Amino acid sequence: MALDLAQFHEAFFDESSEALDQMEAALLKLNVGAPDPDLINTIFRVAHSIKGGSATFGFSEVASFTHTCETLLDELRGNRMQVTRPISDLLLKSVDVMREMLRAVQQKEPVDAQRVADLRLGVSEEVHAG
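Notes on the structure in this doc start here. (Residues numbered from 1 in each chain as written. Predicted model: local features only at pLDDT ≥ 70, side-chain atom pairs only at ≥ 80, totals over all residues. Heavy atoms only, no water.)

### Here's the deal with the layout of surface pockets
Selection rule: Think of a 1 Å grid over the protein atoms and nothing else: a 1.4 Å probe that fits but is trapped marks a cavity, an open set flanked by protein within 12 Å on at least five of seven lines marks a pocket, and residues with an atom within 4 Å of a point count as lining. Grid points are joined across faces, edges and corners, and a volume is the space filled by probe spheres set on the points. Helix and strand assignments follow DSSP, with helices taken as H or I runs no shorter than four residues and strands as E runs no shorter than two, numbered in order from the N terminus. Following the grouping adopted for this structure description, the nonpolar residues are Ala, Val, Leu, Ile, Met, Phe, Trp, Tyr, Cys and Pro, the charged ones are Asp, Glu, Lys and Arg, and the polar ones are all others, Gly among them.
For the largest pocket, the calculated volume is near 150 Å³. Lining the largest pocket, in full, are Phe13, Asp14, Ser16, Ser17, Leu20, Arg99, Leu102, Arg103 and Gln106. Contributions of two or more residues to the lining of the largest pocket are made by α1 (9–29) and α4 (85–106). In terms of residue count, the dominant contributor to the lining of the largest pocket is α1 (5 residues). Looking at the lining of the largest pocket, its residues break down into 3 nonpolar, 3 polar and 3 charged.

In C-alpha cells form, the structure reads like this:
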C-alpha cells in the first residue's frame, strides 16, 4: 500500500514558513565580515530541511532553488567565502523567493519562474566568484 504524502503537505508548509522566519531573523543578525558560525549553521539547516522536504513531496522547483542557496551557505559555513553585504542581501531575497515559491505550490499556482531564475543566477555567480 502506497503512503499518500499529500496528508503531510500542510504540516510541511507550516513548518517551512516558521523555519523561513527563523532563517530571516538569523540573516538579519549576521555581521558582515565576522559572522557568528552558529547563525550560519542555523541558516544552512533551514535551507537543507526545506530542500529535503520539498524533494520528498515532489516540489522540485523549490528543492532545486533551495539547493542553489544551500551551496552558497555551505561555502560560507566552510569559510571558503566571506559574508558580504551583497551576499547577505541575496540570501534575504532568497528567503522571500522561497516563501513565494512555497505559497505558489501550496495554492497550486505557477511559480514566478523569471524571478527565481534571476535570483538563482545571482546566487550562482556569487558561488563561482568566491
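### Structural notes on helix α3 (residues 60–77)
Counted only if it meets this: In this analysis, the expected span of each helix is defined as 1.5 Å times one less than the number of residues it contains. What makes two residues a contact is simply this: any of their non-hydrogen atoms within 4.5 Å.
End to end, α3 covers 25 Å across 18 residues, agreeing with the expected 26 Å (1.5 Å per residue, within 8%). Elements that come into contact with the buried residues of α3 comprise α1, α2 (37–57), α4 and α5 (113–129).

### Observations regarding the packing of α3 against α4
For the record, the criterion: Simply put, an axis is a line fit to the C-alpha atoms, just over the touching stretch for a helix, and the angle between two N-to-C directions goes from 0 to 180 degrees. Each angle gets one of four labels, with under 35 degrees taken as roughly parallel, over 145 as roughly antiparallel, 65 to 115 as roughly perpendicular, and the rest as oblique. Whether a crossing is left-handed or right-handed is set by the direction in which the near helix is turned from the far one by less than a right angle, anticlockwise for left-handed and clockwise for right-handed.
Two elements in contact, α3 and α4, have axes separated by 10 Å at closest approach and are oriented at 160°. Classified by the interaxial angle, the pair formed by α3 and α4 is roughly antiparallel. When the axes of α3 and α4 are compared, the crossing they make is left-handed. Of α4, the residues touching α3 (which contributes Glu61, Val62, Phe65, Thr66, Cys69, Leu72, Leu73 and Leu76) are Ile87, Leu91, Ser94, Val97, Met98, Met101, Leu102 and Val105. Grouping the amino acids of the contact of α3 with α4 by side-chain chemistry returns 13 nonpolar, 2 polar and 1 charged.

### As for the side chain of serine 16
Worth spelling out the cut-off: Under the scheme applied here, a residue whose accessible area is under 20% of the maximum for its type counts as buried, over 50% as exposed, and between as partly exposed, the area being computed with a 1.4 Å probe on protein chains only.
Relative to the assigned elements, serine 16 resides in helix α1. Since its relative accessible area comes to 3%, serine 16 is described here as buried. Ignoring sequence-local partners within four residues, the contact set of serine 16 consists of Ile50 and Leu102.

### Considering the packing of aromatic side chains
Just so we agree on the cut-off: Pairing of aromatic rings covers Phe, Tyr and Trp, the last through its six-membered ring, and needs centres within 6.5 Å; plane angles under 30 degrees mean stacked, over 60 mean edge-to-face, and all others mean tilted.
Taken as a whole and judged by the stated rule, the model has 5 aromatic pairs. Arranged with centres 6.0 Å apart and planes meeting at 40°, the rings of phenylalanine 12 and phenylalanine 59 form a pair that is tilted. Within this pair, whereas phenylalanine 12 is found in helix α1, its partner phenylalanine 59 is found in the loop between α2 and α3, the two being separated by 47 residues in sequence. One exposure class covers both phenylalanine 12 and phenylalanine 59, and it is buried. Plain terms: the ring middles of phenylalanine 13 and phenylalanine 59 are 5.6 Å apart, the flat faces sit at 20° to each other, and that makes the pair stacked. One end of the pair, phenylalanine 13, is in helix α1; the other, phenylalanine 59, is in the loop between α2 and α3, with 46 residues separating them in the sequence. In terms of burial, phenylalanine 13 and phenylalanine 59 fall into one category: buried.

### Observations regarding α4
With 22 residues, α4 extends 32 Å between its outermost C-alpha atoms, agreeing within 8% with the 32 Å of an ideal straight helix rising 1.5 Å per residue. Lysine 108 occupies a position one or two residues after α4 and carries a positive phi of about 55°.

### Topic: the nonpolar core
Heads up, the condition is: Grouping buried Ala, Val, Leu, Ile, Met, Phe, Trp, Tyr and Cys residues that are joined through side-chain atoms within 4.5 Å yields what is termed a nonpolar core.
In terms of nonpolar packing, the biggest core is built from 41 residues, with Met23, Leu27, Phe65, Leu73 and Leu76 touching the most fellow members. Of all the elements in the fold, those that place two or more residues in this core are α1, α2, α3, α4 and α5. Looking at which element gives the most residues to this core, the answer is α4, with 11 residues. Dropping the residues within four chain positions of it, leucine 73 is found in contact with Met23, Ile40, Ile43, Phe44, Ala47 and Leu91.

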